[in-house]
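# Results of the structural survey
In case you want the letters, here they are:
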Amino acid sequence: MGLGVAECFAAAGIDVRLTDATQELTREAREQLVKRTRGHAEAGLLAAEAAERAKAVETADNTEGAVGNAELVFEAVPEDLDLKHEILSACSEAAPTEAVIVSNTSSLPMDELAGSVEHPERFCGMHWFNPPEWTPGVEVIPASTTDSEVVERVVEFLRAIGKRPAIVGSGPGFVANRIQMALFLEALRCVEEGLASPQEVDEVVRSCFGFRLPFFGPFQIADMAGLDVYISVLKTLKEGLGERFEVPSWLHELVEQGCTGAKSGAGFLTYSDEERDRLLLERDRRYAALNELLERLPPMEAGRDGGT
Ligand SMILES: NC(=O)c1ccc[n+]([C@@H]2O[C@H](COP(=O)([O-])OP(=O)(O)OC[C@H]3O[C@@H](n4cnc5c(N)ncnc54)[C@H](O)[C@@H]3O)[C@@H](O)[C@H]2O)c1
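Computed from a prediction, not measured in an experiment: that's the story for all the values here. (Residues numbered from 1 in each chain as written. Predicted model: local features only at pLDDT ≥ 70, side-chain atom pairs only at ≥ 80, totals over all residues. Heavy atoms only, no water.)

## Considerations on helix H5 (residues 81-94)
As a reminder, the rule being used: Put simply, DSSP marks the helices as runs of H or I at least four residues long and the strands as runs of E at least two long, and each gets a number from the N terminus on. How far a helix is expected to stretch is found by multiplying one less than its residue total by 1.5 Å. Categorising residues by exposure relies on relative accessible area from a 1.4 Å probe, with only protein chains included: less than 20% of the type maximum marks a residue as buried, more than 50% marks it as exposed, and the intermediate range marks it as partly exposed. Contacts are residue-level and defined by heavy atoms, with any inter-residue pair within 4.5 Å sufficient. Contacts described as polar in this section are N or O atom pairs within 3.5 Å, which, within protein, must combine one atom able to donate a hydrogen with one able to accept it, while residues neighboring in sequence count only if both atoms come from side chains.
In this model, H5 (14 residues) spans 20 Å end to end at C-alpha, consistent with the 20 Å of a helix rising 1.5 Å per residue. Turning to H5, its buried residues are Lys84, Ile87, Leu88, Ala90, Cys91 and Ser92. In this structure, the buried side of H5 is in contact with helix H4 (63-67), strand E3 (72-75), strand E4 (100-103), helix H6 (110-114) and strand E5 (123-127). Regarding H5, its N-cap is Asp80, as a side-chain oxygen of that residue lies 3.0 Å from the backbone nitrogen of Asp82 further along.

Okay, structure coming up:
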């Protein structure tokens, strides 16, 4: 992850200095960075000038040397609490006090990590997704000690380099992994119960409801489908699959108040008639464009049969 993020920063014109656990690993990391960035430029995915900037990435022999003049310290060591403590503590001792320090942790609680940072008001989570060069979303996760101005600076910085940050709380898995893992567990259960093969589940996910996800999240999709319809479907799921499909009371309350989604003018969001008509037209325009793009792209090798 560190290399992909370093590539993003360098391509955006930011001065980057990286370090790894040993001098040898640091040297190899820089070589890999230059190589992968050149590969992206040769494949036409990155402008040649952006790839050139990777060559300007500096290295340091240790944490102190890497962060001594930093405005932003990005920590991406393995997901081990003791190691994160050690590295974040070393970073916060060596970095200027005004430097913002962020961790790319996927799951560790922010308050736990903030405890190892001197001046913890400048620390928060900055959770990127693989591959970081191309995935636009980044979760920004404040600890309870994080200064709100630091959160604003982090969000502005990410927007300025073309990312799409969302501020989320520090619950288990934050937001993205919690939802992604819930989806994955249900996918596993569908295969275990013999409903479909892994390939068929993948096809259903990407070509049915997943087809919408580049444009809409679950709340907008539910508003367009109808919240009353969702309640009926969830009742059947609960009868067959149990408590995990229990309808939360606030969904019942919305429907009881007549807020059944876009068709009624209100659901999770509100819509005038014109706004709803515009939304549906824009939705259709995007779906048609996506279908066209999918047809133009060459077929992708998705792996062969024969696994579990
Ligand atoms: N892999 C993913 O898809 C993904 C996605 C989002 C977030 N993350 C998070 O990013 C972090 C890194 O994950 P990864 O998959 O890139 O791990 P990784 O093992 O591929 O890379 C970790 C890097 O840290 C280096 N390192 C280890 N000890 C070090 C030390 N003492 N000082 C300096 N560098 C040291 C390693 O040599 C390696 O280069 C984790 O917190 C992980 O949860 C990973």
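## Let's talk about the side chain of Asn104
By the secondary structure assignment, Asn104 is in the loop between E4 and H6. We classify Asn104 as buried; its relative accessible area is 7%. Only 2.9 Å separates the side chain of Asn104 from the backbone nitrogen of Trp128, close enough to count as a polar contact. When neighbours within four sequence positions are excluded, Asn104 is seen to be in contact with Met1, Phe74, Glu75, Ala76, Met126, His127 and Trp128.

## Re unusual backbone geometry
A cis geometry characterises the amide bond from Asn130 onward to Pro131, with omega recorded as -5°. With respect to the element layout, Pro131 can be found in the loop between E5 and strand E6 (137-142). Phi at His119 takes a positive value of approximately 55°, unusual for a residue other than glycine. Its location among the elements puts His119 in the loop between H6 and E5. Exposure remark for His119: the relative accessible area of 37% places this residue in the partly exposed category. The phi dihedral of Phe174 is positive, around 50°, even though this residue is not glycine.

## Focus: the site of the ligand
Where we set the bar: Whether a residue is near a molecule or strand is decided by its heavy atoms; if any one of them lies within 4 Å of it, the residue is near. Methods summary: accessible areas were calculated by the Shrake-Rupley approach with a probe of 1.4 Å, and residue burial reflects only the protein chains presented. All amino acids are sorted into three groups, where Ala, Val, Leu, Ile, Met, Phe, Trp, Tyr, Cys and Pro are nonpolar, Asp, Glu, Lys and Arg are charged, and the leftover types, Gly among them, are polar.
Taken together, 17 residues lie near the ligand, and Met1, Asp20, Glu79, Lys84 and Ser106 sit nearest. In the model, an oxygen atom of the ligand is placed 2.5 Å from a nitrogen or oxygen of the Asp20 side chain. The side chain of Asn104 places a nitrogen or oxygen atom 2.9 Å from an oxygen atom of the ligand. About the coverage of the ligand: the protein hides 66% of its 830 Å² of free accessible area. Per-element tally for the shell around the ligand: the top contributor is H5, with 3 residues. Within the shell around the ligand, the residues separate by chemical class into 9 nonpolar, 5 polar and 3 charged.

## Thoughts on the pairing of E3
For the record, the criterion: A strand pair is defined by DSSP finding two or more bridges across the two strands.
Direction of pairing for E3 relative to E4: parallel, over a ladder of 4 bridges. Note on E4: the bridge partner recorded for Leu72 is Val100.

## A short note on the layout of surface pockets
What counts, and what does not: Here a cavity is any set of points on a 1 Å grid over the protein atoms alone where a 1.4 Å probe fits but cannot get out, and a pocket is any open set with protein on both sides within 12 Å along at least 5 of 7 lines; a residue lines the site when it has an atom within 4 Å of a point. Grid points are joined across faces, edges and corners, and a volume is the space filled by probe spheres set on the points.
Its boundaries defined by the atoms lining it, the second largest pocket holds a volume of some 1400 Å³. Every residue lining the second largest pocket is counted, 46 residues in all, and those nearest its centre are Val16, Arg17, Leu18, Thr19 and Phe74. When residues of the lining of the second largest pocket are traced back to their parent elements, those giving at least two are helix H1 (2-11), strand E1 (17-18), H4, E3, H5 and helix H7 (148-160). Sorting elements by how many residues they give to the lining of the second largest pocket places H1 first, with 6 residues. Across the lining of the second largest pocket, the residue classes tally to 28 nonpolar, 8 polar and 10 charged.

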